[in-house]
Amino acid sequence: MNNINGSCLCGNVQYSTFAEPLMTAVCHCSDCQKQSGSAFSVNVLVPTEGFEVSGPGLCSYASNGGSGLPVQRFFCSTCGSALYSAVTTLPGLFVLKAGSLSDPSAFKPAVHLWCASAQPWVAIDRSLACYEQAPSE
Ligand SMILES: [Zn+2]
Ligand SMILES: [Zn+2]
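Along each chain, numbering runs from 1 in the same order as the chain's sequence is written. Naming scheme: in the order in which they are written, chains are lettered from A and ligands are numbered from 1. Per-residue local features of the predicted model are confined to residues with pLDDT of at least 70, and side-chain atom pairs are confined, for both listing and counting, to 80 or more; whole-chain, interface and lining totals are unaffected and use all residues. To get the side-chain values, take all heavy atoms of the structure and skip hydrogens and water.

Naming follows an unreviewed UniProt entry, where the protein appears as Aldehyde-activating protein of Pseudomonas vancouverensis. UniProt positions are given in the numbering used here, feature names are shortened, and annotations may be inferred rather than shown by experiment. As recorded by UniProt, the Sequence similarities (unreviewed entry) comment attached to the protein reads in full: "Belongs to the Gfa family."

Pasting the structure below:
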């Protein structure tokens, strides 16, 4: 059984889950670029059931995502690290920021989302599933 752990940069907030991750997706949406301070975020989908988070200073910020529905983004108020999100369009799942995992090496992305807003100097692996926005349901 996998045991996934992660934390913020300062270590005040820690999370873990025994649940199996569903998939890893790179998101090039402009909100992920802003929030991560980078060109994209690498998101690991895990079930909310079995997910535990602890530590002082866990904060969240909600805004409407590309779908127009709320995305609640959790982060550490001390060091500012992005940790995970709760996305209205993905009920029952949390979206972990791969860079906050203690070992992200196993979480190779399978899909690229919001390629329409990707930075032109980011090399996207077009052999993977690529969506201009989010996959339609
Ligand atoms: Zn922190
Ligand atoms: Zn995004």
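Moving on, there is more to tell.
(A) Layout of the sheet that holds strand S3 (residues 23-27). Note on pairing: two strands pair once DSSP finds at least 2 bridges between them. For the purposes of this entry, the term helix denotes a DSSP run of H or I that reaches at least four residues, the term strand denotes a run of E that reaches at least two, and both are numbered from the N terminus. Read across the open sheet, the eight strands follow the order S6-S7-S8-S9-S4-S3-S10-S11; overall the sheet is mixed. Each edge of the open sheet carries a strand with a single partner, namely strand S6 (58-64) and strand S11 (129-130). Across five bridges, S3 lies against strand S4 (residues 41-47) in antiparallel orientation. Across the sheet, residue Val 26 finds its bridge partner in S4, namely Val 42.

(B) Local environment of unusual backbone geometry. Not every positive phi belongs to a glycine, and Trp 114 is a case in point at roughly 55°. Relative to the helices and strands, Trp 114 resides in the loop between strand S10 (111-113) and S11. Relative accessibility decides the category of a residue: with a 1.4 Å probe and only protein chains considered, values under 20% of the type maximum give buried, values over 50% give exposed, and everything between is partly exposed. Look at Trp 114 and you get buried, because its relative accessible area is 19%.

(C) Structural context of the coordination of the zinc ion (ligand 1). Only Cys 8 (SG), Cys 10 (SG), Cys 76 (SG) and Cys 79 (SG) from the protein reach the zinc ion (ligand 1) as donors, at distances of 2.3 to 2.4 Å. Relative to the metal, the four donor atoms surrounding the zinc ion (ligand 1) lie at angles of 106 to 115°, and the coordination shape comes out tetrahedral. Mapped onto the polypeptide sequence, the residues donating to the zinc ion (ligand 1) form the spacing pattern C-x1-C-x65-C-x2-C. Pair noted here: Cys 8 is in the loop between strand S1 (4-7) and strand S2 (14-17) and Cys 79 is in the loop between strand S7 (70-76) and strand S8 (82-87), with a separation of 71 residues, a long-range link. For Cys 8, a relative accessible area of 4% translates into the label buried. Judged by its relative accessible area of 28%, Cys 79 is partly exposed. Metal-coordinating donors are taken as N, O and S atoms lying within 2.8 Å of the metal, or within 3.2 Å when the metal is Na, K or Ca; because water is left out, some sites can appear incomplete. Irregular is the label for any site that misses the other tests, which are tetrahedral for four donors with all angles between 85 and 135 degrees, and square planar for four donors or octahedral for six when opposite donors exceed 155 degrees and the remaining angles lie between 65 and 115.

(D) Geometry of the nonpolar core. To qualify as a nonpolar core, a set must consist of buried Ala, Val, Leu, Ile, Met, Phe, Trp, Tyr and Cys residues joined through side-chain atoms within 4.5 Å. With 16 residues, the main nonpolar core has Val 44, Val 46, Phe 51, Tyr 84, Leu 96 and Leu 101 as its most contacted residues. For this core, the secondary-structure elements that each account for two or more residues are S4, S7, S8 and strand S9 (93-97). Pairs of residues are marked as contacts when any of their non-hydrogen atoms sit within 4.5 Å. Residues in contact with Tyr 84, not counting those within four places in the same chain, are Phe 51, Val 53, Leu 58, Gln 72, Arg 73, Phe 74, Phe 94, Val 95, Leu 96 and Lys 97. In terms of nonpolar packing, the next biggest core, distinct from the first, is built from seven residues, Cys 27, Cys 29, Cys 32 and Trp 114 among them.

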